[in-house]
Amino acid sequence: MIIRPFRQPDDDEGVRALDRSFTTVNIYRVIQTPLSFTLEQVPVHPAVTKEFPFDADFGGGHEGEHSLVAEDGGSIVGFTAFTHERWNRRTAVWHLYVAPSHRRQGVGSALVETVIEDAHFARTRCVWLETTSLAYPAIQFYRHLGFELCGMDTSLYDPAVNLLGETALYFSRSV
Ligand SMILES: CC(C)(COP(=O)(O)OP(=O)(O)OC[C@H]1O[C@@H](n2cnc3c(N)ncnc32)[C@H](O)[C@@H]1OP(=O)(O)O)[C@@H](O)C(=O)NCCC(=O)NCCS
């Protein structure tokens, strides 16, 4: 398995074909008081499946976006995209997906470690990302890599289309 820069247009099809969904039997519920938030792990039955949406411009939706793929035996098995923000010296990760056939084999870690290395060279101070309170597996993954919860936004997602109290969560890790 190698991590290499995403090449457009050659890699478009392989990246688009990645299954970006996850299924979980646990989620996080946000408990709010007037001046505090707590996250509580709760079981869900039946299991929840969610697929992360991909915009048409996944390979360059943000100004100065960098993208990497994980390739195994000629197939694309992972993808990440990120930007180095100059004004606050922060690297923002916009996409991270690993093919289900290759999960729990270190591919996601290799992609994130490459992003952190790139952030180091770009002299940013932390790597930041948004995920959702439903993404229990991804949250375990980020915490395993040393990311810490750094904020949330209870108003970002439309409750008319997002069920189970889905809330935006933000995680960051020092470079
Ligand atoms: C989240 C994701 C990128 C992780 O990629 P991965 O290649 O499976 O992760 P790794 O193999 O590097 O995992 C490293 C460690 O993270 C933790 N981890 C990863 N997936 C986990 C899961 N489903 N449940 C609990 N812990 C998990 C484990 O500690 C794991 O180490 P271990 O396998 O030795 O126990 C992948 O599951 C994925 O693409 N999910 C769907 C899309 C998604 O949720 N993307 C994130 C959007 S914010």
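Rules behind the numbers
Residues numbered from 1 in each chain as written. Predicted model: local features only at pLDDT ≥ 70, side-chain atom pairs only at ≥ 80, totals over all residues. Near = placed C-beta within 6 Å. Helix = DSSP H or I, 4+ residues; strand = E, 2+ residues; numbered from the N terminus. Nonpolar A, V, L, I, M, F, W, Y, C, P; charged D, E, K, R; others polar. Pairing = 2+ DSSP bridges. Axes fitted to C-alpha atoms, helices over the stretch in contact; angles between N-to-C directions. Core = buried A, V, L, I, M, F, W, Y, C linked by C-beta atoms within 7 Å. Buried ≥ 20, exposed ≤ 12 C-beta atoms within 10 Å, placed from the backbone. Contact = placed C-beta atoms within 7 Å. Expected span 1.5 Å × (residues − 1). Arc of directions from axis to C-beta.

A. Main features of the site of the ligand. Not every one of the 20 residues close to the ligand is listed here, only the nearest: Arg-103, Gly-108, Ser-109, Pro-137 and Gln-140. Of all the secondary-structure elements, those providing two or more residues to the shell around the ligand are β6 (90-98), α2 (107-121) and α3 (136-144). Looking at the shell around the ligand residue by residue, the class counts come to 10 nonpolar, seven polar and three charged.

B. Quick peek at unusual backbone geometry. Pro-9 follows Gln-8 through a cis peptide bond whose omega is 5 degrees. Structurally, the position occupied by Pro-9 is in the loop between β1 (2-5) and α1 (12-16). Backbone torsion omega between His-45 and Pro-46 reads 0 degrees, so that peptide bond is classified as cis. Inspection of the secondary structure assignment puts Pro-46 in strand β3 (residues 36-51). Non-glycine residue Arg-104 carries a positive phi angle of around 60 degrees. Residue placement: Arg-104 occurs in the loop between β6 and α2.

C. Region of the structure containing the sheet that holds strand β9 (residues 168-174). Read across the open sheet, the seven strands follow the order β1-β4-β5-β6-β7-β9-β8; overall the sheet is mixed. The sheet is open, and its two borders are formed by β1 and β8 (148-153), each paired with just one other strand. When the angles between neighbouring strand axes are averaged without regard to direction, this sheet yields 30 degrees. One ladder, built from eight bridges, connects strand β5 (residues 75-85) with β6; its direction is antiparallel. Across the sheet, residue His-84 finds its bridge partner in β6, namely Thr-91.

D. Representation of the nonpolar core. Grouped together as the largest cluster of nonpolar side chains are 35 residues, with contacts concentrated most on Val-69, Phe-79, Val-93 and Val-115. Looking at this core, the elements that each hand over two or more residues are β2 (21-33), β4 (66-72), β5, β6, α2, β7 (126-132), α3 and β9. Apart from the residues within four sequence positions on either side, Val-69 is in contact with Arg-4, Phe-6, Asp-11, Val-15, Ile-76, Gly-78 and Phe-79.

E. Here's a closer look at the environment of Pro-34. Relative to the helices and strands, Pro-34 is located in the loop between β2 and β3. Judged by the 4 C-beta atoms lying within 10 Å of it, Pro-34 is exposed. It is 43 Å that separates the C-alpha atoms of Pro-34 and Val-15, two residues lying 19 residues apart in sequence.

F. Highlighting α2. The end-to-end C-alpha distance of α2 is 21 Å, a good match for the 21 Å that 15 residues give at a rise of 1.5 Å each. Taken residue by residue, α2 has Gly-108, Leu-111, Val-112, Val-115, Ile-116 and Ala-119 as its buried positions. Projected down its long axis, α2 shows its buried positions confined to an angular sector of 140 degrees, all on one face. Along α2, the residues that are exposed and aim more than 90 degrees away from the buried face are Glu-117 and Phe-121. Those residues of α2 that are buried lie in contact with β1, β4, β5, β6, β7 and α3. Looking one or two residues past α2, Arg-123 carries a phi angle of roughly 60 degrees, positive in sign.

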